[in-house]
Amino acid sequence: MGPTSRETWAQRLGTFRASPSAFMAGPEGEDLGRHLLSDLRSEKLSEPTKVSLLALSLEYPAQLWPDAPAAEVAATSLLDTLVLLPPRPSALRRPLLLAATTALAAGGALGPTSRASRRLLPLLLGLASGRDLGRSFGPASEQRPLQATAWECLRELESCKPGLLGGCLGLLRGLLGQEAAVQPLSLLLALALRNALVIQARARAGLQGLLVAGGCPTEGGPWNWMLAEEGDAHLQPQAPSWPAAEEGECCLAMLELSPEEARELRAAVAQLLDISYLLTPVAQAQLLWLLGWALRGLRGQPPVLFKPQLVRLLGTAQLTLLHAVLALKAAFGEALFTAQDEALLLRRLTLAAQHPALPLPAHLFYLHCLLNFPENWPLGPAGEEAAPLLLGFQLCRGLLPSLLHDPMALLARLHLLCLLCVEDEEKEEKGQDQSPRQYLEELLAGLRQRAALDGGPRALATLCFQASYLVARCLAGQPVVLTPLTHGLAQLYRARPALAPHFVDLLDRVGPELGEPLKVVLRQEVVSRPGRDEALRWHLQMLARVADGDAQSATLGFLQAAAARCTDCGLQQALLQVCRALLRAGVGGGLADLLQALARQLEDPDGRDHARLYYILLAHLEEPKLGVALGPSLAAPALASSLVAENQGFAAALMVQEAPAPIRLSMGPHRAKGPVPVLQLQVEVLEQVYSLELRFRVERQLYAPLGAVHVPCLCPGRPTRPLLLPLQPRRPAPARLAVRALYTTPSGLTCHAHLPPLLVNFADLFLPFPQPPEGAKLGFFEELWDSCLPKGTESRLWCPLGPHGLEALVSRHLEPFVVVAQPPTSYLIAIRLPPDSRLLLRLEAAQADGVPVALRTDDWAVLPLVGDYLRGLSAAG
Amino acid sequence: MAQRAVWLISHEPGSPLCGTVRFSRRYPTVEKRATVFNGASYVPVPEDGPFLKALLFELRLLRDDKDFSESRDSCSHINKTSIYALPIGGEELWPVVAFMKNGMIYACVPLVEQTLSPRPPLISISGISQGFELLFGVQGFLYSGQKNDSELNTKLSQLPDLLLQACPFGTLLDANLQNSLDSINFASVTHPQKQPTWKAGTYKGKPQVSISITEKVKSMQYDKQDIADTWQVIGVVTCKCDLEGSMPNVTISLSLPTNGSPLQDILVHPCVTSLDSAILTSSSIDAADDSAFSGPYKFPLTPPLESFNLCYYTSQVPVPPILGFYQVKEEEVQLKITVNLKLHESVKNSFEFCEARIPFYNRGPVTHVEYKVSFGQLEVFREKSLLIWNIGQKFPKSMEISLSGTVTFGAKSHEKQPFDQICIGGTAYLKLHFRILDYTLTGCYADQHSVQVFASGKPKISTYRKLISSDYYIWNSKAPAPVTYGSLLLVRCHN
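Predicted, not measured: the structure shown is a model, and the values here were computed from it. (Residues numbered from 1 in each chain as written. Chains lettered and ligands numbered in written order. Predicted model: local features only at pLDDT ≥ 70, side-chain atom pairs only at ≥ 80, totals over all residues. Heavy atoms only, no water.)

**Here's the deal with the overall build of chain A**
Then step 1. Secondary structure summary: chain A contains 37 helices and 14 strands in total.
Then step 2. Of all 877 residues assigned to chain A, the portion counted as buried reaches 55%.
Then step 3. Partitioning the intrachain contacts of chain A with sequence separation of at least 6 by distance along the chain shows that 68% fall at a separation of at least 24.
Then step 4. Just so you have it, chain A exposes about 36,000 Å², and 54% of that area is on carbon and sulfur atoms. (Helix = DSSP H or I, 4+ residues; strand = E, 2+ residues; numbered from the N terminus. Buried < 20%, exposed > 50% of the residue type's maximum accessible area, 1.4 Å probe, protein only. Contact = heavy atoms within 4.5 Å. Areas by Shrake-Rupley, 256 points an atom, 1.4 Å probe, with all protein chains shown as cover.)

Here is the structure:
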């Protein structure tokens with residue numbers, strides 16, 4: 001097949017870009033990669049067309065060459081094309097280098113066994129270091145851009161395979177002194193240096209002269225893959241997120257540098273920093289992130305090297321530079337930033353968050369940085385947004401929200417205002433400035449006024465409810481804020497009942513502090529002001545959410561009056577929804593009358609049937625069963641369901657029958673693994689059931705509510721798999737689970753049964769800690785042991801032993817949690833108690849009839865449980 | 001720190017999809033790293049079609065916001081930054097950096113070098129600020145000097161090449177795309193050693209330095225007892241240094257006259273090599289006092305080739321240049337309006353232009369206007385419900401002018417007349433637009449002697465100044481008006 005024409009390619013590329021997956025699934029998909037490679041060498045296609053083909057291969061190598069062998073073939077072909085280019089200027093050399101690099105790195109083909117890798121790497125290094133590669137590499141005018149490209153290719157390969165250039169560190173340093181391509185070289189050196197440090201630390205080796213060695217593979221010579229092979233298992237974050245970096249840091253701390261190595265390293269870093277102003281601002285920022293985190297964990301590398309750069313960086317408006325300074329702040333804290341420096345940084349950040357010369361997205365990001373500022377001495381819990389201690393109210397005045405702000409800015413600033421109100425409350429009223437709380441109230445009132453605007457965009461309403469939600473969440477404990485908010489919202493509803501869906505959503509999401517009073521005032525609002533048709537629809541929707549056992553007569557009165565005006569089907573359905581809500585809330589007497597009346601008077605037969613059904617349910621079921629019968633997951637009458645389905649004897653099918661338990665549940669063996677405790681429940685089937693739903697309720701709410709377990713079908717005599725029930729304890733304590741079963745019988749009836757409660761023992765919650773590497777176990781345990789105090793407590797117990805001794809007891813009950821074992825006398829045991837407690841046991845110097853146990857925990861409340869548990873062990877055998 | 005993909009999307013409210021992907025670029029080697037770093041929480045970068053749809057929905061740019069949609073309108077769905085989570089195919093793509101400017105949506109997905117569950121705080125992700133710089137850079141390139149659609153299209157067509165230069169593998173090398181364009185053109189020139197990367201080549205020709213100071217003044221005036229008027233000056237100093245040599249050193253100083261207003265909140269260009277700590281700490285956050293640093297403000301720098309913004313500043317001048325009041329009284333279908341404006345005597349009374357725009361929102365079209373002006377002319381735009389009072393080049397000798405009149409409105413029809421979410425009920429404003437050449441409100445200036453150049457040849461130095469209005473509002477004093485915390489606070493302090 002001959003080469004494809006320019007037009008065909010243009011069209012093909014267009015179709016491909018519109019949807020790569022659709023194109024690849026089509027007839028042309030399979031051969032696209034091959035055609036592209038062969039047409040790159042066609043003499044009939046123009047350079048611009050070939051550049052567009054290469055552009056495609058830069059973006060979609062995974063589609064064109066989906067596996068490593070294909071990527072290897074592609075890279076080889078691209079390199080061949082590059083070599084065969086005539087020695088005149090060409091726009092193809094740069095993209096060919098980039099494409100070959102991309103194909104190898106993205107295709108997973110890069111490695112010592114790949115021939116293409118062995119060709120590409122020396123070629124890149126040769127080009128980059130300005131070695132003469134002969135006339136085939138184009139005219140002199142192309143050398144500089146090719147050189148810069150080669151550096152970038154090497155950096156990308158080093159990013160994808162850390163350690164690849166570890167052997168060239170000395171060469172890179174040497175070139176940095178003389179090369180004109182300062183930026184790509186600096187960045188590559190910083191990256192390779194960082195990767196080498198991490199890899200060597202992991203291997204517990206020093207730098208081994210890597211920084212000074214001048215040796216580097218010459219063309220044709222073998223490439224040094226040693227470091228890359230060692231680093232292979234771990235892709236290195238170049239600028240790790242802070243919490244992740246802290247984990248990696250203990251590994252860097254293990255790197256032992258000789259004094260000469262430490263000096264060389266410092267010299268290299270200082271050299272990089274000194275010329276950093278020659279780099280573009282974004283590249284400077286990359287350099288700072290890389291070097292900052294490279295030095296952070298290292299012993300004996302003082303961060304003062306960075307100090308001379310800071311003032312210059314703090315003065316700029318560049319987002320990346322200020323962000324990099326914050327990263328340095330997070331990395332080094334007080335070692336680099338004194339309290340005064342911290343205050344200055346905060347002021348610059350506060351200023352940047354409102355500077356009129358900067359764009360809104362930058363303002364918002366700076367505001368985020370303020371609320372997540374890496375303080376030297378943070379007070380609040382980690383990971384939560386808070387105003388830094390040094391950021392007083394005075395400093396924040398310009399950051400307070402106003403109605404003129406864009407919605408995102410308003411919400412971000414509102415959050416800050418709420419945080420300040422919390423502090424304000426803590427500090428009591430000082431009465432100097434206008435109180436932030438008063439300002440907050442005025443702002444919320446303004447938002448509500450805008451939301452009330454008839455015909456206004458929904459975004460305005462959404463904003464008002466988002467603000468209300470934010471305030472309710474941040475200031476849940478402040479009735480002085482919530483009370484006016486509640487009344488304001490009630491007024492808003494009065495002005496614009498069409499916002500009912502927003503109110504329902506708000507009620508679903510806020511806590512009881514706002515939710516409960518808001519429910520009451522909204523119900524009053526609805527029942528005291530029956531509106532016309534349009535409003536009635538919203539009123540009914542609202543009432544379905546807020547109606548409960550309170551104010552029954554007013555609610556029923558409203559519904560009775562409304563019933564006469566519910567002429568269309570939708571309104572009738574809405575009315576029945578309210579009845580259903582009342583039914584679930586256990587409203588009796590008056591509701592029965594209303595339902596009877598509805599069953600007679602509604603125009604819509606579907607509605608009449610539903611009213612009758614509800615009446616039957618109300619008359620025949622006790623309150624708890626009613627709740628179950630109308631629960632959301634049951635096959636209860638969905639109001640939208642069609643008449644046809646319901647007419648097939650619906651009443652019988654929908655009545656829920658109380659029945660004896662069709663199954664027996666028992667606890668299976670304890671699974672001590674995974675992030676949360678999981679109960680294994682064994683099922684013994686007594687009767688055949690379908691669509692079994694088991695619902696669990698935790699008594700005393702010791703754990704988070706449990707999800708229901710569904711089993712499609714169970715037959716007696718057929719083996720069943722254990723059911724897995726994950727627990728989310730709120731406290732590490734044993735609990736009782738009440739169990740109910742809902743199921744369908746083979747005859748199609750829906751039944752409901754109570755099962756005997758299940759007991760979750762203290763030991764069922766035990767989880768092991770992740771296993772530390774061999775050799776670090778004792779240290780790991782000791783670290784945990786030390787961390788328990790002073791918050792927790794320590795105790796000693798005598799654990800009696802049965803006839804089989806300590807070894808048997810441990811292997812039977814505590815095996816998964818043993819960190820260090822010296823059988824038969826001594827065991828160090830670490831147990832994770834969800835949600836976030838720990839229990840550590842030292843069983844040492846066992847005697848014939850018992851073993852003294854030293855224990856520590858960070859949660860004193862578990863002590864009696866531990867005592868009971870240990871004493872019970874020997875009895876359990 | 002790298003980007004997994006970049007998009008440019010034009011927002012087209014009338015079209016079926018409400019937008020078109022004008023440009024997109026994926027970075028497969030970064031994507032490969034994302035699969036490793038993100039592990040089980042990895043969500044692939046989607047194709048353009050699904051991305052466009054999800055992003056427009058999230059940004060509320062689809063047309064169907066008639067009904068409440070929980071995934072978009074829920075009160076707990078709060079975005080406080082321009083960084084989004086896009087639901088795509090049952091998963092959430094996060095973090096997506098995106099913002100809209102001039103009808104164009106700029107978006108990218110930075111690489112997060114760890115698991116995404118739980119999500120790390122944005123501040124700890126280096127790719128976020130890089131993503132912003134990339135998008136700002138693209139935006140700056142597209143809109144620098146661009147006048148019309150065909151110029152925009154030309155620039156869009158240059159983007160693939162430029163990004164190949166400025167961001168070949170997803171790691172941004174230079175946010176200044178113009179610089180990348182220049183370096184393509186300069187490629188054949190052999191560079192001397194140690195050329196800064198942000199300088200694509202060297203200048204050859206007559207040495208000259210041009211410095212222009214532009215001040216914008218904004219104001220909120222209420223004419224009320226309990227709310228203080230506010231005003232602020234925002235300055236930008238733009239320079240172009242045509243000097244020979246690879247790294248010429250220049251020091252530019254800004255000076256103030258003795259009664260000038262100190263410059264605050266100074267942000268400088270990265271080419272400034274060092275900063276006096278007095279410049280760094282002079283800030284509007286502090287309560288004003290007499291000890292504020294009043295210059296001269298010295299900026300030693302190595303200039304780039306192109307024109308650049310040397311610094312931005314703000315300043316609090318003692319009085320607003322034009323003080324006014326605006327009163328609106330509603331009388332059935334008529335509004336009775338009174339406007340009074342007074343130019344402060346210290347301000348140069350020589351405008352390039354000066355006009356007051358008086359819009360009426362949330363009402364029908366203007367059907368009839370009766371008015372009296374003491375100075376200038378009034379133009380009426382009936383359909384737009386807008387009056388423009390053209391004041392001209394000079395205030396009269398009294399420095400004070402007034403307008404009074406009655407405006408009658410027709411019936412309101414929703415589509416045609418302008419809607420405004422602020423101007424509800426009696427809330428209304430007029431906005432002043434003016435420009436004064438060769439003048440700054442702070443008094444800030446740069447003269448020939450304030451520029452030191454350490455390079456061969458004595459350069460020609462030219463300086464320019466101008467003052468323009470920006471967001472200069474005068475609110476109807478007879479109705480509530482939106483206020484900032486500062487307005488309330490100042491009154492307390494003054495009382």
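**Focus on the nonpolar core**
Then step 1. One finds A:Leu540, A:Met542, A:Leu591, B:Leu55, B:Leu254, B:Phe299 and B:Leu310 to be the most contacted residues of the largest nonpolar core, which totals 337 residues.
Then step 2. Tallying contributions element by element places helix 11 (residues 182-202) of chain A first for this core, with 13 residues.
Then step 3. Setting aside its immediate chain neighbours within four residues, B:Phe299 contacts B:Val250, B:Thr251, B:Ile252, B:Leu254, B:Ile266, B:Val268, B:Val272, B:Leu275, B:Ile279, B:Leu310 and B:Cys311.
Then step 4. Of all hydrophobic cores here, the second largest spans 40 residues; its members include B:Val217, B:Val366, B:Leu432 and B:Leu441. (Core = buried A, V, L, I, M, F, W, Y, C linked by side-chain atoms within 4.5 Å.)

**Considerations on the packing of helix 4 (residues 47-59) of chain A against helix 7 (residues 93-106) of chain A**
All names here are of chain A.
Then step 1. Between helix 4 and helix 7, whose axes approach to 9 Å, the crossing angle comes to 25°. With respect to their mutual orientation, helix 4 and helix 7 come out roughly parallel. Seen along the crossing, helix 4 lies across helix 7 with a hand that is left-handed. For the pair helix 4 and helix 7, the contacting residues are Leu 54, Ser 57 and Leu 58 in the first and Pro 95, Leu 96, Leu 98, Ala 99 and Thr 102 in the second.
Then step 2. When grouped by side-chain class, the residues that make up the contact of helix 4 with helix 7 number six nonpolar, two polar and no charged. (Axes fitted to C-alpha atoms, helices over the stretch in contact; angles between N-to-C directions. Parallel < 35°, antiparallel > 145°, perpendicular 65-115°, else oblique. Left-handed = near helix turned anticlockwise from the far one by under 90°. Nonpolar A, V, L, I, M, F, W, Y, C, P; charged D, E, K, R; others polar.)

**Considering the interface of chain B and chain A**
Then step 1. Each partner contributes residues to the interface: chain B has 104 residues there, and chain A has 117 residues.
Then step 2. Between chain B and chain A, roughly 9,700 Å² of surface is buried when both sides are summed, and carbon and sulfur atoms account for 64% of that area.
Then step 3. Area buried by chain B at its contact with chain A is led by B:Ile123, B:Ile285 and B:Tyr485, which between them contribute 9% of it.
Then step 4. For the interface between chain B and chain A, the tally reads three salt bridges.
Then step 5. Between chain B and chain A we count 35 residue pairs in polar contact (both at pLDDT 80 or more) in total.
Then step 6. Each residue belonging to the side of chain B that touches chain A can be placed in one class, and the counts come to 55 nonpolar, 26 polar and 23 charged. (Buried area = accessible area lost by both parts, 1.4 Å probe. Salt bridge = Lys/Arg side-chain N within 4 Å of Asp/Glu carboxyl O. Polar contact = N/O pair within 3.5 Å; in protein donor to acceptor, adjacent residues only side chain to side chain.)

**Description of the packing of aromatic side chains**
Each aromatic ring pair is summarised here by two numbers: the centre-to-centre distance and the angle between the ring planes.
Residues and elements named next belong to chain A.
Then step 1. Tallying each qualifying case throughout the model produces 24 aromatic pairs over all chains.
Then step 2. Here Phe 16 and Phe 23 contribute two aromatic rings whose centre-to-centre distance is 5.5 Å and whose plane-to-plane angle is 70°, an arrangement assigned as edge-to-face.
Then step 3. Residue Phe 16 is classed as buried on the basis of its relative accessible area of 0%.
Then step 4. Pairing Phe 465 with Phe 503 gives two aromatic rings, centres 4.9 Å apart and planes at 85°, and the pair type is edge-to-face. Taken as a pair, Phe 465 in helix 23 (residues 458-474) and Phe 503 in helix 25 (residues 500-509) lie far apart in primary sequence, 38 residues in all. (Phe/Tyr/Trp six-rings, centres within 6.5 Å; stacked < 30°, edge-to-face > 60°.)

**Examining the sheet that holds strand 2 (residues 663-667) of chain A**
Residues and elements named next belong to chain A.
Then step 1. Pairing is antiparallel across the open sheet formed by three strands, whose spatial order is 2-3-6. Strands with a single pairing partner mark the edges of an open sheet, and in this sheet they are strand 2 and strand 6 (723-726). Here the average twist between neighbouring strands, direction ignored, is 35°.
Then step 2. Both strand 2 and strand 3 (residues 678-685) contribute to a ladder of five bridges, which runs antiparallel. Across the sheet, Leu 665 pairs through a bridge with Val 683, a residue of strand 3. (Pairing = 2+ DSSP bridges.)

**Focus on the domain arrangement of chain A**
Residue and element names in this part refer to chain A.
Then step 1. You can read the domains of chain A as domain 1 (653-762) and domain 2 (766-873).
Then step 2. Each of domain 1 and domain 2 has a C-alpha centre, and the two are 32 Å apart.
Then step 3. Every contact between the two is made by 14 residues of domain 1 and, on the other side, 15 residues of domain 2.
Then step 4. Interface area, domain 1 with domain 2, both sides summed: about 1,100 Å², of which 73% is carbon and sulfur.
Then step 5. Counting the surface domain 1 buries against domain 2, the share from its top three residues, Ala 672, Pro 732 and Phe 762, is 58%.
Then step 6. Across the contact surface, domain 1 and domain 2 share zero salt bridges.
Then step 7. The tally of links between domain 1 and domain 2 comes to two residue pairs in polar contact (both at pLDDT 80 or more).
Then step 8. Partitioning the side of domain 1 that touches domain 2 into residue classes produces nine nonpolar, two polar and three charged. (Domains from an automatic or database assignment.)

**Points about the domain arrangement of chain B**
Then step 1. Looking at chain B, the domain boundaries give domain 1 (2-183), domain 2 (208-319 + 441-475) and domain 3 (322-437).
Then step 2. Here the C-alpha centre of domain 3 of chain B lies 41 Å away from the C-alpha centre of domain 1 of chain B.

**As for the environment of A:Ile831**
Then step 1. When you line up the elements, A:Ile831 lands in strand 12 (residues 826-833).
Then step 2. In this structure, the C-alpha to C-alpha distance between A:Ile831 and A:Thr81, residues 750 residues apart in sequence, is 61 Å.

**Describing the pattern of salt bridges**
Then step 1. Enumeration over the complete set of coordinates arrives at 35 salt bridges over all chains.
Then step 2. The salt bridge involving A:Arg34 is made with A:Asp31; its shortest N-O contact spans 3.1 Å.
Then step 3. On the basis of relative accessible area, A:Asp31 is assigned to the partly exposed category, the value being 28%.
Then step 4. Between B:Asp73 and B:Arg72 there is a salt bridge, with its nearest N and O atoms 3.0 Å apart.

**Quick notes on the UniProt feature "domain: AP5B1 C-terminal" (unreviewed entry) in chain A**
Then step 1. Here, the residues flagged by UniProt with the feature "domain: AP5B1 C-terminal" (unreviewed entry) are residues 780-872 of chain A.
Then step 2. Taken end to end, residues 780-872 of chain A comprises 30% helix and 39% strand; its first and last C-alpha atoms sit 28 Å apart. (UniProt positions renumbered as here; feature names shortened; annotations may be inferred.)

**Examining the pairing of strand 6 of chain A**
All names here are of chain A.
Then step 1. Of the two faces of strand 6, the one holding Leu 723 and Leu 725 is buried and the one holding Leu 724 and Pro 726 is not buried anywhere.
Then step 2. Looking at chain direction, strand 3 and strand 6 are connected through four bridges and run antiparallel. Residue pairing for strand 6: Leu 681 is matched across the bridge by Leu 723.

**What to know about unusual backbone geometry**
Then step 1. Look at the link from A:Pro834 to A:Pro835: it is a cis peptide, with omega at 10°.
Then step 2. Secondary-structure assignment places A:Pro835 in the loop between strand 12 and strand 13 (837-843).
Then step 3. Here B:Trp94 and B:Pro95 are connected by a cis peptide whose omega angle stands at -5°.
Then step 4. As for its position among the elements, B:Pro95 is in strand 4 (residues 91-101).
Then step 5. In this model, B:Arg60 sits at a positive phi of 60°, which is unusual for a non-glycine residue.
Then step 6. Mapped onto the elements, B:Arg60 comes out in the loop between helix 2 (48-58) and helix 3 (70-73).
Then step 7. The phi torsion at B:Asp438 lies on the positive side, around 50°, for a residue other than glycine.
Then step 8. When you line up the elements, B:Asp438 lands in the loop between strand 19 (429-437) and strand 20 (451-454).
Then step 9. Looking at B:Asp438, the relative accessible area reads 51%, which means it is exposed.

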